[in-house]
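# Architecture at a glance
If you want the building blocks of each chain, they are given just below.
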Amino acid sequence: MNNISAVKVENLTKTFDGNEVIKNCNMNVQKGTIYGFLGVNGAGKTTVFKMLSGLLTPTMGNAQVLEMDVMSQRSEILRNIGTIIETPIFYDHLSATENLEIHLAYMEADDTDIDSVLAKVGLNNTGKQPVSKFSLGMLQRLAIARAIIHKPKLLILDEPINGLDPIGIREMRELFLDLVKNQDMTLLISSHILSEIEHIADTIGVIVNGTVIREVSLAEVKAEYPNGLEDYFIDIMTGGISDDKND
Ligand SMILES: Nc1ncnc2c1ncn2[C@@H]1O[C@H](COP(=O)(O)OP(=O)(O)OP(=O)(O)O)[C@@H](O)[C@H]1O
C-alpha cells in the first residue's frame, strides 16, 4: 500500500436531462488497495463507474484514473483498466476462449495464457461450448476473466459476484485478494453483499444521492461497529451518524 491515487475524483457532477444524479462527488482510491463502493439502489455507483471508464462524460468536475484524465486520456485509460459494468455482453455463438481471444486482440494484448485465466475463474472445462449455453454464474465468471486477462492496473467491478454460487463467491474473493496482493492491481468494487465487501476491502466509500459522504478505512469501521459493515451502513442510511465526509 502507498499514497498514490489509482482513482481521484474531485467535485464530479453528472446531470441527466437537468437532473443532477452525481453531485460534487469526491473519492480517492489508493493504489494497491481494495475500495468497496457502497450505496442503495439508484445512489449513483454505476454512473460514477461509467464516468471513470469513459462510458459517460462528466458534466462538471475532474476525475483521474491511474493519474490520467478521464476526459482527455480515455483510450489510454481503457487499455489499463478492466471493467464489469452492467450486464456483460459476449459473442453468444462463440466459446469462452474465442471471446477472450477477441478481447485480447482488441486490447492489443495477445500474449496472455487464456487457459490459465479460465482456470482461475473455474471455466477451464467449457471447451467449445458456446457462451449462449452458459448459466448466469458462468457468464459472470467469464466477465471476470475478461476484466482481468489483459493484466489491467485497475479493476472497476460493478456487482461482480451477482449470480455466483457460494463456492464461486469464495473463489472470486480469493482471486481478487490475489490480484491486489500479488499482481499489483487496484480494485474498485461495488456490491450490495456487504459481508463480501467486509471480507476484502481496505477502504469503504458510501455514496448517498450522488455524493460520497463517507470514505473510511474498514479497520475504523470494524473498531466502531464490532458487528460489522452492515450495522455501519444501515446506521448511515437511517441517519444514525452524520453525513460529514470522514477524510
Ligand atoms: N442514462 C440515464 N438517464 C437518466 N437517468 C439516469 C441514467 N442513468 C442513470 N440514471 C439515474 O441516475 C441515478 C443513479 O443511477 P445508478 O445506476 O448510477 O445507481 P446505482 O447506485 O448503480 O444503483 P443500483 O445499486 O440499483 O445499481 C438513478 O436515479 C438513475 O435513474
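Just so you know, the residues in each chain are numbered from 1, in the order the chain's sequence is written. Only residues with pLDDT of at least 70 get local features here, since the model is predicted, and only at 80 or more are side-chain atom pairs given and counted; chain-wide, interface and lining totals rely on the full set of residues.

## A look at the overall build of the chain
Which entries qualify depends on this criterion: Counting from the N terminus, the helices are DSSP H or I runs at least four residues long and the strands are E runs at least two residues long. Exposed residues have 12 or fewer other C-beta atoms within 10 Å of their own C-beta, buried residues have 20 or more, and partly exposed residues fall in between, where C-beta atoms are placed from the backbone. By the convention adopted here, residues make contact when the C-beta atoms placed from their backbones lie within 7 Å.
Scanning the chain for helices and strands turns up 9 helices and 10 strands. Expressed as lengths along the three principal axes of its C-alpha atoms, the size of the chain is roughly 55 × 40 × 35 Å. A burial count over the chain gives 39% of its 247 residues as buried. Of the contacts formed within the chain by residues at least 6 apart in sequence, a portion of 69% connects residues at least 24 apart.

## Focus on the site of the ligand
For clarity, the threshold we go by: Residue proximity rests on one test: whether the C-beta atom, placed from the backbone, lies within 6 Å of the molecule or strand. Classification convention: Asp, Glu, Lys, Arg as charged; Ala, Val, Leu, Ile, Met, Phe, Trp, Tyr, Cys, Pro as nonpolar; all other residues, Gly among them, as polar.
Near the ligand, the surroundings consist of Phe16, Val21, Gly39, Asn41, Gly42, Ala43, Gly44, Lys45, Thr46 and Thr47. The leading source of residues in the shell around the ligand is helix H1 (residues 45-52), at 3 residues. Among the residues making up the shell around the ligand, the classes are represented as 3 nonpolar, 6 polar and 1 charged.

## Describing unusual backbone geometry
In this model, aspartate 17 sits at a positive phi of 50 degrees, which is unusual for a non-glycine residue. Its place among the elements puts aspartate 17 in the loop between strand S1 (5-16) and strand S2 (19-30). Unlike most non-glycine residues, asparagine 209 shows phi in positive territory, near 45 degrees. Secondary-structure assignment places asparagine 209 in the loop between strand S9 (203-208) and strand S10 (211-217).

## Digging into the sheet that holds strand S4 (residues 60-65)
Here is the rule we go by: Strands pair, by our definition, only if DSSP identifies at least two bridges between them.
Taken together, the 4 strands give an open sheet; going across it, the order is S2-S1-S4-S5, and neighbouring strands pair in antiparallel fashion. The open sheet is flanked by S2 and strand S5 (68-69), the only strands paired with a single partner.

## Re the pairing of strand S7 (residues 154-158)
Where burial is concerned, most of S7 is hidden: 5 out of the 5 residues are buried. Relative to S7, strand S6 (residues 81-84) runs parallel, the two sharing 4 bridges. By the bridge assignment, threonine 83 is partnered in S7 with isoleucine 156. Alignment of S7 against strand S8 (residues 186-190), held across 5 bridges, turns out to be parallel.

## Considering the confidence of the model for the chain
For the record, the criterion: pLDDT runs from 0 to 100 and stands for how confident the predictor is about each residue.
Chain-level pLDDT for the chain is 92 on average; 95% of the residues reach the 70-or-more range. Here the prediction assigns the complex a pTM of 0.93, and the interface score ipTM is 0.98.

## Comments concerning the environment of valine 180
Here valine 180 lies in helix H6 (residues 166-182). Residue valine 180 is classed as buried on the basis of its C-beta count, with 20 C-beta atoms lying within 10 Å. Put simply, valine 180 and glycine 32 are 148 residues apart on the chain and 5.9 Å apart in space, counted from C-alpha to C-alpha. With sequence-adjacent residues up to four places away left out, valine 180 is seen in contact with Gly32, Ile34, Met185, Thr186 and Leu187.

## Focus on the nonpolar core
The criterion, for reference: In this description, a nonpolar core means buried residues of the types Ala, Val, Leu, Ile, Met, Phe, Trp, Tyr and Cys, linked to one another by C-beta atoms lying within 7 Å.
Counting 65 residues, the largest nonpolar core has Leu52, Leu142, Ala145, Leu155, Leu187 and Leu188 as the members making the most contacts within it. With 8 residues, the top contributor of residues to this core is helix H5 (residues 136-148). Leaving out residues up to four positions away in the same chain, leucine 187 has contacts with Ile34, Tyr35, Leu155, Leu157, Phe176, Leu179 and Val180.

## Details of the sheet that holds S10
Condition: All axes here are fitted lines through C-alpha atoms, helices being fitted over the stretch that makes contact, and every angle between N-to-C directions spans 0 to 180 degrees.
Within the open sheet, the 6 strands sit side by side as S6-S7-S8-S3-S9-S10. Their pairing is mixed. Looking at the sheet topology across the chains shown, the edges are occupied by S6 and S10. Taking each pair of neighbouring strands and ignoring which way they run, the sheet shows an average axis angle of 15 degrees. Of the strands in this sheet, S6 and S7 are in contact with H5, which crosses S6 at around 165 degrees.

## So, H5
Note that an α-helix has 3.6 residues per turn; residues three or four places apart therefore point the same way. The following threshold applies: Expected span, for any helix, means 1.5 Å times one less than how many residues it has.
Between its terminal C-alpha atoms H5 stretches 19 Å, which fits the 18 Å expected from 13 residues at 1.5 Å a residue. Counted residue by residue, H5 has 11 buried out of 13 residues, so it is predominantly covered. Taken as a whole, H5 has its buried residues at Met138, Leu139, Gln140, Arg141, Leu142, Ala143, Ile144, Ala145, Arg146, Ala147 and Ile148. Buried residues belonging to H5 abut S6, helix H3 (96-106), helix H4 (114-120), S7 and H6.

## As for the environment of threonine 33
For threonine 33, the position within the fold is in the loop between S2 and strand S3 (34-38). We classify threonine 33 as partly exposed; it has 17 C-beta atoms within 10 Å.

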